[in-house]
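What follows is the residue order along each chain.
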Amino acid sequence: MTKQAWKNKTIVTEFILLGFGNGPELDGLLFLLFLSIYSATITGNIFIILLMVANRHLHTPMYFFLGNLACLEVCYSSNILPRMLLSYLVGERSISVLGCFTQYYFFGCLAAAECYLLAVMSYDRYLAVCKPLHYPSRMNGKLCLQLSAASWISGFLSNSILTFLISNLDFCGPNEIEHFFCDSFPMIKLSCSDTQVVELVTSVVAGVCSLPPFLLTFSSYIYIISTVMRIPSATGRKKAFSTCSSHLIVVILFYWSILTVYVLPHHSTQISPNKGFAVFYTILTPLVNPLIYSLRNKEVKEALQKQTSKFLAYRQWFSVKKG
């Protein structure tokens, strides 16, 4: 949409993100809290990416998808948390209309891509655990690239529709968004246009992007857990079940919060979506995914020890040469 079109159509030129409705006395505490979470999220995910690139033993389909997930989480968190941190640091909670739609566009694209990518990862684990003899031939390099690309492309295409529809609404005031980032339903509620069609399309697209991947992911883990329970060794069964259950808990929390906010019916009396649910899929999931999916794996621990040994050996060689 051109700048002139925005001027003719939209009275509101900026939105105010109300955040968590806290007072100024809590801004410093929340800034430190979210700064710590953002730092840990970025450090953990980038570390996983670098470790998987540097270690040839991790060049497998499973870790290829984990690397994609880590990259997605870096982009996901960086789309929301830096803007929130700035608002707590300088007290500036306004955001331009164009900036708000840009943030929503990338948020929606990345959230949808994560839904598809989690489903792909669960399918990969299903083949590895339940169909081990067919796994090498089915999950080859070409298929891995195709599934990864499909997850990213599908996410970006699906939210393009919603962003286009919402951006064509009229916003005549008020301009206060009852949320900590620019999201669809809080923005739609500020519009002075007829929003029934847009709300319906938003719920439908969100359902298509989240419900089928959730069912595929959940079904895959049910088959995986069923296969794990038939392992003769009690120790091996306990270890495999612990890993699978951790994955499943994170997946359920992620999908449950998204389905609750975007797919369940929204009544006109509702002021805003539950920001507590939004914290799960925007802040907590990117933080815990590196721990749950990667750092608990034996292969990752071995690769970490190997890279650490190499670093210490290089450091010792450099000190000797320097001395």
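As the structure is a computational prediction, the values presented were derived from the model and not from experiment.

Peer 1: Could you give an account of the environment of Phe 277, naming the residues involved and the relevant values?
Peer 2: Tracing the sequence through the fold places Phe 277 in helix 10 (residues 275-295). In sequence terms Phe 277 and Leu 259 are 18 residues apart; their C-alpha atoms lie 9.7 Å from each other. Non-local contacts of Phe 277, meaning those with residues more than four positions away in its chain, are made with Trp 256, Ser 257, Thr 260 and Val 261.

Peer 1: Please set out the UniProt feature "transmembrane region" (unreviewed entry) in the protein residue by residue, giving values where relevant.
Peer 2: Feature annotation in UniProt assigns "transmembrane region" (unreviewed entry) to the following positions: residues 29-51, 63-81, 101-123, 143-166, 200-224, 245-264 and 276-295. Across residues 29-51, the secondary structure splits into 100% helix and 0% strand, with the terminal C-alpha atoms separated by 33 Å. Between the end C-alpha atoms of residues 143-166 there is a gap of 35 Å, over a span that is 100% helix and 0% strand.

Peer 1: I'd like to hear about empty space enclosed by the protein, residue by residue, with values.
Peer 2: One pass over the structure, following the stated rule, counts four cavities of 30 Å³ or more. Here the largest cavity is characterised by a volume of approximately 210 Å³. As for the largest cavity, its lining consists of 18 residues, and the residues nearest its centre are Gly 108, Ala 111, Asn 159, Ala 206 and Tyr 262. Only helix 4 (97-130), helix 6 (141-167), helix 8 (196-228) and helix 9 (234-262) provide two or more residues apiece to the lining of the largest cavity. Among the elements that line the lining of the largest cavity, the one with the most residues is helix 4, at six residues. Per-class residue counts for the lining of the largest cavity are 11 nonpolar, six polar and one charged.

Peer 1: Explain the environment of Ser 122 residue by residue, including any values.
Peer 2: Its place among the elements puts Ser 122 in helix 4. Residue class for Ser 122 comes out buried when judged on its relative accessible area of 0%. Remark: the alpha-carbon pair of Ser 122 and Leu 216, spanning 94 residues in sequence, is separated by 7.8 Å. Other than its neighbours up to four places away in sequence, Ser 122 contacts Leu 216, Thr 217, Ser 220, Tyr 221 and Ile 224.

Peer 1: If you had to explain the packing of aromatic side chains to someone new, which residues and values would you point to?
Peer 2: Using the criterion set out here, one finds 22 aromatic pairs in the structure. Pairwise contacts between aromatic rings join Phe 20, Phe 34, Tyr 76, Tyr 88, Phe 107, Phe 180, Phe 181, Phe 185, Tyr 262 and Tyr 281 into one cluster.

Peer 1: Describe the pattern of salt bridges, and please don't skip the residues or the numbers.
Peer 2: Considering all chains together, one arrives at two salt bridges under this definition. Across the pair Asp 27 and Arg 93 runs a salt bridge whose closest N-O atoms are separated by 3.3 Å. With Asp 27 in helix 2 (residues 27-54) and Arg 93 in the loop between helix 3 (61-90) and strand 2 (94-96), this residue pair connects regions lying 66 residues apart in the sequence. For Asp 27, a relative accessible area of 13% translates into the label buried. Notably, a salt bridge pairs Asp 124 with Arg 125, separated by 3.0 Å at the nearest N-O pair.

Peer 1: Describe the pairing of strand 1 (residues 14-17), listing the residues and the values that go with them.
Peer 2: Here strand 1 shows a clear split, with Phe 15 and Leu 17 buried on one side and none of Glu 14 and Ile 16 buried on the other. Of the pairings in the sheet, the one linking strand 1 to strand 2 comprises three bridges and is antiparallel in character. Residue pairing for strand 2: Ile 16 is matched across the bridge by Ser 94. Here strand 1 pairs with strand 3 (residues 176-177) via two bridges, running parallel. When the sheet's bridge partners are listed, Leu 17 is paired in strand 3 with Ile 177.

Thresholds applied
- Residues numbered from 1 in each chain as written.
- Predicted model: local features only at pLDDT ≥ 70, side-chain atom pairs only at ≥ 80, totals over all residues.
- Heavy atoms only, no water.
- Helix = DSSP H or I, 4+ residues; strand = E, 2+ residues; numbered from the N terminus.
- Contact = heavy atoms within 4.5 Å.
- UniProt positions renumbered as here; feature names shortened; annotations may be inferred.
- 1 Å grid on protein atoms, 1.4 Å probe; cavity = no way out; pocket = protein on both sides within 12 Å on 5 of 7 lines; lining within 4 Å.
- Points joined across faces, edges and corners; volume = space filled by probe spheres on them.
- Nonpolar A, V, L, I, M, F, W, Y, C, P; charged D, E, K, R; others polar.
- Buried < 20%, exposed > 50% of the residue type's maximum accessible area, 1.4 Å probe, protein only.
- Phe/Tyr/Trp six-rings, centres within 6.5 Å; stacked < 30°, edge-to-face > 60°.
- Salt bridge = Lys/Arg side-chain N within 4 Å of Asp/Glu carboxyl O.
- Pairing = 2+ DSSP bridges.

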